[in-house]
Each structure stands twice: as C-alpha cells, then as structure tokens.
Amino acid sequence: MKRNPALQTAVVLLLAVLAGGCSKEKDRFLNRTYHRLTARDNGWFNANEKLKETVASIEKAYVDDFDKVLPLFVYGTEEQAKGAGGDLEKCIEKCSLVIERHSMDIKGKQRNTWIDDAYFVIGRSYFYKRAWSDAQRTFDYIGRRFKDQDRQHEAKVWLARTLMETEQYARAQSALDEVKEVKELPKRFPHDELAAVQADLDLRRGKVDDAIMSLERAVDITKDQRSRVRWTFILAQLYQAKGMDDRSIAAYKRVARMNPPYELAFHAQVFQALAFDRGDSKALRKMLTRMLRDDKHVDHFDMIHYALADIDLKENKDSSAIAHLKRSAYVSTNDTRQKAKSWLRLADLYFDDRAYPQAQLYYDSTSTLLAEEHPRHEEVATRAEVLGELVEQLNIIAREDSLQAMAGMDPAEREKAIQRMIREREKAEAEKEAAEREAREAEAAGIAAPARPATPAAGGSGAWYFYNPQQLGRGLSEFKKKWGNRPLEDDWRRRDKSGSAVVEEAGEEEGDPTAEAKEEEKGQEGEPEWKDPAFYLKALPTSDTALAASNAAICEAMYRSGMIYKEKLKDTDNAIESFETLINRFEECRFTPESHYQMYRIYLAREKSGSFIDFGGSTSQAYANIILERWPDSEFARLVRDPSLLEGGEARRKVEAAEYDQLYREFRQRNFLLVISTCNQVIANEPNNHLLGKYHLLKAMAIGGTRELSAFRNALLETKDRFPGTEEGKAAEDLLAMLDKQAATEAAPADGEKGAPAASTYRMEQGPHYIALLLPDSAGDINAMKMKISDFNRRYYPGRTILIESSILDDTHQVVLLRLFDDKVAAMAYYQQFLSDVGMLAGINDQGHPIFAISPDNYAQLYRNKDVDAYAAFFTRNYLTKR
C-alpha cells in the first residue's frame, strides 16, 4: 500500500494548527474560536440544559398557597433544594471545568465570551441550592469582572434576588438601581425580569403600590406566556388587597382567558367572587353554580360554596351564607385548609351574633385543623377554650332548670315529657350509629367520610355517601392516587405484615370496643337504662334539700358565666344579663354579693368612659348603696368605700401570678424538693395569696413526684378539705379517686373476685420491651404528637431506629407504641429521658397521660383485656419501686 505524501503533510499541518489553537495564552482568531466553540458546545450547553431541567422540576413540584399572595418567582423549598443538590452540583462541576480549560484571561481581559455564561450557570446553581453566600460571591464577581459583557447586568439582577433571600433589601435595591442607570442594556437583557424583581422587592418591603406599578410594566413587556399568566394573577391579588375590586376582577378575568394551568384558572374564577364587593352578583353566582355542575371541580366544591357564602355575606344574606359554609365543610375532600377556613368563618359569624354555644363548636373544630403558624391559631384555641368553659356553665343552668321544671309537673305531664325525651334520644342514637357505621365503612375503603353538617345547604344532595356513585368514584381515585392499585387484603397498608401480630391477636379477641360499655348501659331486660322512665326520675330535685342544691348550682353557674362574659369575652351586655338574672332570681345565695359588686364595677367603667347614658336607673352608685346597706362588713363594701385598694390588689395579684409561674417551671423541670420547700413558705407566710389553692395542689403534685405515696395522699386530702368546690379541690378529689381505684385494683386478686383484672397475671421479664403511651381521644392530633416524639428520638437517639405506631385501644383511648428496646434497662432509660424532657415533648409528657415500659407478652395481654389500671399497679411495683 502506497502512502500519500500530500495527505500526510495535510494531516501534520492540521494537527499543528489544532495544537496551536489549544493554547489559552495566545489571542489569535484560531485560539479564540476553538475555546469559544468548545466551551459553549461541550460544557456550558450541557450544564445549562441540566439547570433548566432542574429548575423546571422544582417549579412543577411546588404547590402554591392561594390563601396568600403567590410568589413572583418559584425557588422551591429546603427539601426540594436538597433533592436537587446532586444535579445542581453537576452543573457547577461542568462549568468549573469549562472555566479551568477554556478561560483566556489575556492582559487582564477575558477573550472567551462564554466564560461569563459559565459563571452565570454556577451562580444560579448555587442560588437554587440555597447556598446564598456562594451565589452572592459568584454574581458579585460576574458584575465586577466581566464589564460590558452580556451577563454583567443580569448577574446584578440575580445578585439582588440573592440579597433579598437574605433580607438585605437596601443592598438589593442598590444593585437594581445600578442596572436601571445603564443607558443602553444588551439586546437580550430581560427587562421584564428586572421589573418583576423590583416588584418582588417592593412587596417584601411592604410597598404594595410601588409593587403594582412595577408588576404592571412586567406584565406589559414580557413575552413569556407562563410568566404573564402568573404575574397577572398576582397583580389581581394585589389589586384585591388594596381594595381595587373592579381592577382585580378584570385581571382575574384576563387570567381565565389566557389558557392558564388548571389551579390558576380555577382560582382566577373563584377569586372574582371573593373580590366582589358591590353591584350585581348574578353573573358571578351563575358562573359559580355552573362550576358546581362540572365534575372536574369536585375536589374544589368546598371553595366554590365558600365563595358563594362570601357573596351572601356581602349582600347581608346571613342565613344563606351559613348554609353555604356548612355545605362547604360537608363536601370537603382533601383540602383541610379550606375546611378550616369554612369552620372559622362559621365560628366568627356565630361569635359576632353572640351565639356562643355554636361558636364554641366551630372554634373547637377549627383548632384541630388550623396550622400552628396561622396568624389566628392562638386566638382560635383561646376562644374554643373560653367558650367551652362558658358552654359548660350554660349547660348546668339549662340542665338544672329543666330538672326543676320537670319536678314541678304533674305526674301525667311528666310522663309525657319523659317519653318525648326517650324518643329524641332514640333518634339521636340512631343517627350516631349511622354516622359511626359510615365512618367505619369509609375507613375500610380507604377514604374519609364527609362530616355531616348541622344544616345542609338548599339544593344539596342528601344521598348517603355509598349510594352516591360520584362520591364513590372520587374516593376510589383519591385512594389510587395515594396508595396505587393495592389488592384487597388484610393489613394492606403494611409492607411487612409480620409486624402486626400483636395487634392482630388482640383484635381477634377484643370484639366491639363499645360492647362492654353498651352492656353496662343495659338493664335486666337487655334494654339501655335511658329507655327506662325511672332513669329520668333519679336526678329530679323533689326534696327541699335537692332543690336547694340545684339552685346553688344554678347560682354558681350564672356567676361564672357572667365572669367569663366580662373578663374573657369582654361582652359586658351578656355579663350584665347574667348578673341581673342571678340578682333577681336569688335574693341571697353565695354569689349574690359578688354579682352586685361586679355590676358596680361594670357601670363604674361605663361611666368613666364618658359615653354612658342611664335609661333605667342602673348606675354604679345604685349598686354601691345596695352593697353598703346589705353587706356593710364585707370585702366588697370595703372596696366600694376605697376603690384604690383594688388597684393595689391587682398589682399584687400580678406579682403573685408571676412568682407562681416561675415555681411551676421548676416543677416542670422536676425540682420537686425546691418546689415543696417554696410552697411551704408561701402557705405559711402568705395566707392572703390569691393562688394559695394552687400552691397546695402544686405541693401535693411535687410530693407525688418523689414517689412518697402516703404523703402524696395526705397532701391531696388537705387540698381537698381546705378548698372544697374550687378547681384545685376538684383536681385533688379526682387524683384521690384514681389512687383509691389503683389500690382497689392491686388488692383485687387477694379478695378472690372472679373476672377482676389481676396484676399477678402479668409476668416480670428482662428481655425486649416496648414503651406504651396511652392517650385519650381528647388529647389532640395523634400524628402531631408522633412527629414530636420522632424529633425527640432523632435528637437523643440518632443512631437508633425506634418505630412509632398508633392504634385504637378502646372507644375513648389510643395507644402510641415505641419499639423495640433490647431489654428492660434500655426501655426504662428511655422512659426516664422521655419524662424528664422539657420543651420538645411539651403537651405530651406533662399532661399526666399513662406511659409504661412493657414487654411484648404483657402488651398483648393489656391490649386484649384493656386492664390499664392493673398494669399501672404492676408497673409501679416492679419498675418504679426502687426508683
């Protein structure tokens, strides 16, 4: 084979040219062309495409919160940043390699025009990684180093975005101002992005009007369809926030016509109704009603009903609004935030109308769904608690009044009233049973049965859930979305079905958890006790003694409800009504003097306000005269004569409350001896301390913490005897009852009683153990508690895998099981750490809920027999005695 000299020469020359072009030190056309092409097509292009894909996936996964103004730019969450960290690191590595191999820094000037692009990708990769300091350094370097190149000014815009994330708003504004002052920006510079970033900065600084102006410009000049849709929606939200309802509705309509993604399209339609304030609502109502007929909105029917209710309220149609809000909560599927909004709106409506019992129910329900970071979370929880106290007092009044009324009937009329009550109870029991059956079947199907509204909206479907094909289809699709196509079998939620052996064994033998309670309700003929008319006659106050006790209970409840109205709800009108009713009804009861004094204080405050007009002769002086005349030697008369005593007393009470709070914190930290000593000092030296009862109870609890049972019992008895009828006295009485019950349980085997749970049936074992925490259904969100326990485990046992499971123990309790510990010693070490924690387990380990270390065999027996008290005694004797 002959060699071609000409071809060989050409190859040699080509290799020589390429070798010469590879040099980064020579500023020649061939060198620049080679490094620019290689930098762009090899490293930068691939890194830039990967960055685009990563950002797109972050934006796609992000879920907007439409209860707030949407963010102009989607940067993702901490979790998303961690998940995308690997891909973003690859982008950084590729572009770093491009810079290393192809940078042509000759005489202080960069001759490769793609190096600034490589740095720009690196900066944005750091940005989406949330590595703010690295991103800031990179963008700052681009802005200073690559003057008059394409990415210099874009980098300054991104520098401003980075500074905004670290709340350096003044520096961010300076960076944007530098870009705005440039007379001629590059041809491809994103002017729309500059305006949107300025709007974002204005929003973060609370300058809504300036943000609107910047965002209007961004919407006008952007050529990106997705950005125009999103920014127009946000512009509509800002118009709505500023009360520019017409412009807001017009902007939402523009969004709906832009062929936006489903969520934006839906909310743009619904928010038109929420932005409506005046005028004719027929078109909006027609649009919302049409949306209710479209099954694609089925998961948002709750929001549509909420929007209809909002229109009703703006047109003063309160009854229709309440019906729509109840319907909203009823049809809610998986949007707990919307259900919380509907319940909260109902609660506020009832509260404003002073329908406190209904308000309490909805505030209480709302508090179970409202996120802790919600601005009204604490207010809602407080109102639920306060109204719960009020409703308790109102129920006492209603109950005692009804009993007295029934006691005063003639026998025939009383018999009719009792039969009517039995029929109402039967109806309520039937409805309760139907609801429980529906809930059980819904749970078995893997879907949640809707809550039944008190009054469904007119025109709403009344079909039972499982007779409604639309509801069934929705439930099935939700189940498949969450769990996939799973076979119908036991323990379908478990990957490892062997882990449920204990629960299976217990479940097979326990039967209906409510059966035992139902059996106890039944009389000798098998009927529930409440079906027997004699059951209703037991509590009737037919004797003078019983009637006096009933009146005393009413008097106390009226006074307490009046104080709740006055002090906690600031509702003086209802407070006056409560106190006046008490005064007029009870000439002389325990709280008659105090009620007169409270009326004196209320009218005194009104007179000092300057806006009081006396129409009926009720003045502070009138009540002061009554107090001085009827109870001249009382504390109230002394306060009327010298009101300055009250001001000094209130200051003293604040100091006493602060001192008690500090001592209670010591108790929480298990400094029992210090608490006992301090309580003894207060009890001995401050007999007029208004928290004296609390000090007695706290002392008793601290003694209980030392495991001195007899001293604990004596301290509780002292508290009960010295403070009868108070909260502290009742708490001490309840604790004594628990101690008596535990003592009876421990003594049961010696008495030879058949069927009594015997502590001796439990066996002491040293091997593997669980920790079991028993929680009443009223304890709150079990899942939130499990999350707290999980955080506690990660902090104190980072190398251990401790499984946390929950299951229903009986009809009123659940058990949270932590497993598995190698032996009794390890379980008890965890037990002590769990109880002694202050902070992470607040609301769990400080509520008195039973918690035990327990072996698997003993747990199976406990779960089967439900004999918690027997195991508590066994646990105390065998696990805690030496401690």
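Residues numbered from 1 in each chain as written. Predicted model: local features only at pLDDT ≥ 70, side-chain atom pairs only at ≥ 80, totals over all residues. Heavy atoms only, no water.

1. Let's talk about the overall build of the protein
When its secondary structure is counted, the protein shows 38 helices and 6 strands. Contacts in the protein between residues at least 24 apart in sequence constitute 62% of all its contacts with a sequence separation of at least 6. Total accessible area on the protein stands at roughly 48900 Å², and carbon and sulfur atoms take up 50% of it. (Helix = DSSP H or I, 4+ residues; strand = E, 2+ residues; numbered from the N terminus. Contact = heavy atoms within 4.5 Å. Areas by Shrake-Rupley, 256 points an atom, 1.4 Å probe, with all protein chains shown as cover.)

2. Focus: the confidence of the model for the protein
Mean pLDDT over the protein stands at 79; residues scoring 70 or higher make up 80%. Contacts of residues 11-19 to residues separated by more than four positions or lying in other chains number 1 contact, the stretch itself having pLDDT below 50. Note that residues 749-760 has pLDDT below 50 and, in this model, 13 contacts with residues that lie over four places away or in other chains. (pLDDT = per-residue confidence, 0-100.)

3. Topic: the sheet that holds strand 6 (residues 851-854)
Within the open sheet, the 4 strands sit side by side as 4-5-3-6. Their pairing is antiparallel. Unpaired on one side and paired on the other, strand 4 (803-808) and strand 6 mark the two borders of the sheet. With strand direction ignored, the average angle separating the axes of adjacent strands in the sheet is 25°. Bridging between strand 3 (residues 769-776) and strand 5 (residues 813-821) involves 7 bridges; their strand directions are antiparallel. Each residue of the ladder has a partner; that of alanine 772, found in strand 5, is leucine 817. Strands strand 3, strand 4, strand 5 and strand 6 of the sheet are contacted by helix 37 (residues 856-865), whose axis makes an angle of about 130° with strand 6. Running at roughly 70° to strand 6, helix 38 (residues 868-880) makes contact with strand 3 and strand 6 of the sheet. (Pairing = 2+ DSSP bridges. Axes fitted to C-alpha atoms, helices over the stretch in contact; angles between N-to-C directions.)

4. As for the nonpolar core
Burial of nonpolar side chains together is a common tendency in soluble globular proteins. Judged by nonpolar contacts, the single largest core of 148 residues is most densely connected at Phe139, Leu215, Phe233, Val270, Leu288, Tyr363 and Leu569. Core analysis: the next-biggest nonpolar cluster, separate from the first, contains 42 residues, Tyr762, Ile802, Tyr871 and Leu880 among them. (Core = buried A, V, L, I, M, F, W, Y, C linked by side-chain atoms within 4.5 Å. Buried < 20%, exposed > 50% of the residue type's maximum accessible area, 1.4 Å probe, protein only.)

5. Notes on the pattern of salt bridges
According to the stated counting rule, one finds 45 salt bridges in the structure shown. The shortest N-O distance in the salt bridge between glutamate 59 and arginine 226 comes to 3.7 Å. Of this pair, glutamate 59 sits in helix 2 (residues 29-61) while arginine 226 sits in helix 11 (residues 225-241), and the two are 167 residues apart along the sequence. You can call glutamate 59 partly exposed: its relative accessible area is 27%. One salt bridge in this structure joins glutamate 588 and arginine 630, with 3.2 Å as the shortest N-O distance. Taken together, the residues glutamate 588 in the loop between helix 26 (572-585) and helix 27 (592-609) and arginine 630 in helix 28 (residues 620-630) connect sequence positions 42 residues apart. Take arginine 630: its relative accessible area is 31%, and that puts it in the partly exposed class. Linked through salt bridges whose partners overlap, the residues forming this network are Arg285, Asp312, Glu315 and Lys317. (Salt bridge = Lys/Arg side-chain N within 4 Å of Asp/Glu carboxyl O.)

6. Re the state of the cysteines
Tallied over the full model, the rule gives 1 disulfide. Between cysteine 555 and cysteine 589 runs a disulfide, and the two sulfur atoms are separated by 1.9 Å. Remark: cysteine 589 occurs in the loop between helix 26 and helix 27 and cysteine 555 occurs in helix 25 (residues 544-568); sequence separation between them is 34 residues. The burial state of cysteine 555 is the same as that of cysteine 589; both residues are buried. (Disulfide = S-S within 2.5 Å.)

7. Some words on the packing of aromatic side chains
Taken as a whole and assessed by the stated rule, the structure comprises 44 aromatic pairs. Relative to phenylalanine 834, the ring of tyrosine 830 has its centre 6.1 Å away and its plane inclined at 35°; by these criteria the two rings are tilted. Separated by 4 residues within a single helix, tyrosine 830 and phenylalanine 834 lie in helix 36 (residues 824-836), roughly one turn from each other. Both residues of the pair, tyrosine 830 and phenylalanine 834, belong to the buried class. An aromatic cluster of at least three residues, connected via ring pairs, comprises Phe73, Tyr75, Phe120, Phe127, Tyr128, Trp132, Phe139, Trp158 and Trp231. (Phe/Tyr/Trp six-rings, centres within 6.5 Å; stacked < 30°, edge-to-face > 60°.)

8. A few points about the environment of aspartate 67
Its place among the elements puts aspartate 67 in the loop between helix 2 and helix 3 (78-83). In sequence terms aspartate 67 and arginine 337 are 270 residues apart; their C-alpha atoms lie 9.0 Å from each other. Those residues in contact with aspartate 67, other than ones at most four positions away along the chain, are Arg337 and Lys341.

9. Observations concerning the environment of phenylalanine 667
By secondary structure assignment, the location of phenylalanine 667 is in helix 30 (residues 644-668). With a relative accessible area of 16%, phenylalanine 667 lands in the buried category. It is 9.2 Å that separates the C-alpha atoms of phenylalanine 667 and glycine 705, two residues lying 38 residues apart in sequence.

10. Remarks on the pairing of strand 4
Bridging between strand 4 and strand 5 involves 6 bridges; their strand directions are antiparallel. In the strand pairing of strand 5, serine 806 is matched with valine 816.

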